[in-house]
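Overview (structure and organization)
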Amino acid sequence: MSATAHQVRVSSEFVNCNDGRARVKRIGFIGTENSHTDHFIRFLNREGRHPGFIAAALAGGENERNLALAEAGDIGVVVDEPADLIGRVDAAIISTRDGALHREQAEPLLRAGIPVLVDKPLATTVSDADAILRTAETSGALVYSASALRFVPQVGELTEAGRAAGALRHLHVAGAGDPDSPYSGLFFYGIHHVETALEMLGDPVIGEGDIEVAVQRVAATTVATLRLGNAEVTLTFVVPSESERTPFHATAVHAGGVLTRELSLGPDYNAPALAAFVGAITSGHAPADANTMRTPVAVLSAIVDALPTGEDNS
């Protein structure tokens, strides 16, 4: 495809992405089919939450979705391929639903020194995660990825209350997840379960060889049991239907009590990750180290590898 930028419309309030004298940091978007892109554009352009940063370009071509986003967000440039953003933006956000595509989308930008926020998951294989992290380290570009559930207030409440409840004996995280999702199976929603557990456990560094997991699948429910750090952990993934979706929920069993919360995602649940990314660009300090971003991929990969073949309908 052509690398030509399509000028759609530019509000006088914002800069033209082809203008090297840009007054602000221009952010480009990849994977615009994801509704998370609407959130990010709202935070940046409609609400102006981060002065000095704007949503400035969209990748994926002049399809109906991108033209609607450009109109709603006063975004002046639409390009065909992610790499076409190079030279037109100062940072990028990848929200592509299928995490298996994240490496090929992120690497050209990172090689060019462009900071990238990879909207969960970082990748769907450890090798792809390592490649993304290695490219960022080599180029010196910032890369960041995190589940929105790390930031919900209830996770912090459970962690804080747990300090007074004695030793943690067991942690259970439940929510939507489909091993047969077209977006790399459990990685589409299941990364939330894993990152929530790791956040509550203080983000222990766990490599592939340190993970022993047992997985059962009965009809629409998949249950993974494993040990993360010093805690026994159970993750329950329930296939969502068109009318129902199991809310995310966490229960921490401590020696001195049982703590439980529904993990509520409000309308601004993507705001903390964007704020962390913008803050990191400004400060030059990454919000998370490589191990914190790599470990969730390693854990969920082990769960996926342990899935029983075929569906158990018993």
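Preceding this paragraph is the structure being described.
What comes next is a walk through the structure.

Calculation criteria
Residues numbered from 1 in each chain as written. Predicted model: local features only at pLDDT ≥ 70, side-chain atom pairs only at ≥ 80, totals over all residues. Heavy atoms only, no water. Buried < 20%, exposed > 50% of the residue type's maximum accessible area, 1.4 Å probe, protein only. Helix = DSSP H or I, 4+ residues; strand = E, 2+ residues; numbered from the N terminus. Contact = heavy atoms within 4.5 Å. Core = buried A, V, L, I, M, F, W, Y, C linked by side-chain atoms within 4.5 Å. Pairing = 2+ DSSP bridges. Axes fitted to C-alpha atoms, helices over the stretch in contact; angles between N-to-C directions.

**Topic: helix 6 (residues 190–200)**
The buried fraction of helix 6 is high, at 10 of 11 residues. Those residues of helix 6 lying buried are Gly190, Ile191, His192, His193, Val194, Glu195, Thr196, Ala197, Leu198 and Met200. Residues of helix 6 that are buried sit in contact with helix 5 (153–162), strand 8 (168–176), strand 10 (221–228), strand 11 (231–238), strand 12 (249–254) and helix 8 (290–305). The positive-phi residue at the C-terminal boundary of helix 6 is Gly202, with phi of around 85°.

**Overview of the nonpolar core**
The biggest cluster of nonpolar side chains holds 87 residues, and the ones touching the most others in it are Phe29, Leu235 and Ile303. Beyond its immediate stretch of four places on either side in the chain, Phe29 contacts Thr37, Phe40, Ile41, Leu44, Ala55, Ala57, Leu58, Ala59, Leu85 and Ile93.

**Things to note about the environment of Gly185**
With respect to the helices and strands, Gly185 occurs in the loop between strand 8 and helix 6. Looking at Gly185, the relative accessible area reads 8%, which means it is buried. Gly185 sits 87 residues away from Asp98 along the chain, and the two C-alpha atoms are 8.9 Å apart. Those residues in contact with Gly185 that lie beyond four places of it in its chain are Asp178, Pro179 and Asp180.

**Thoughts on the sheet that holds strand 11**
Hydrogen bonds between backbone groups are what pair the strands of a sheet, and the pairing can be parallel or antiparallel. The strand order across the open sheet formed by 6 strands is 9-10-11-8-12-13, and the pairing between neighbours is mixed. Every interior strand has two partners, whereas the edge strands, strand 9 (213–218) and strand 13 (257–262), have only one. Taken over all neighbouring pairs, the strand axes of this sheet differ in orientation by 10° on average, direction set aside. As paired elements, strand 8 and strand 12 share 6 bridges and run antiparallel to each other. Looking at the pairing, Leu171 lines up with Ala252 of strand 12. Along the sheet, helix 6 makes contact with strand 8, strand 10, strand 11 and strand 12, crossing strand 8 at roughly 155°.

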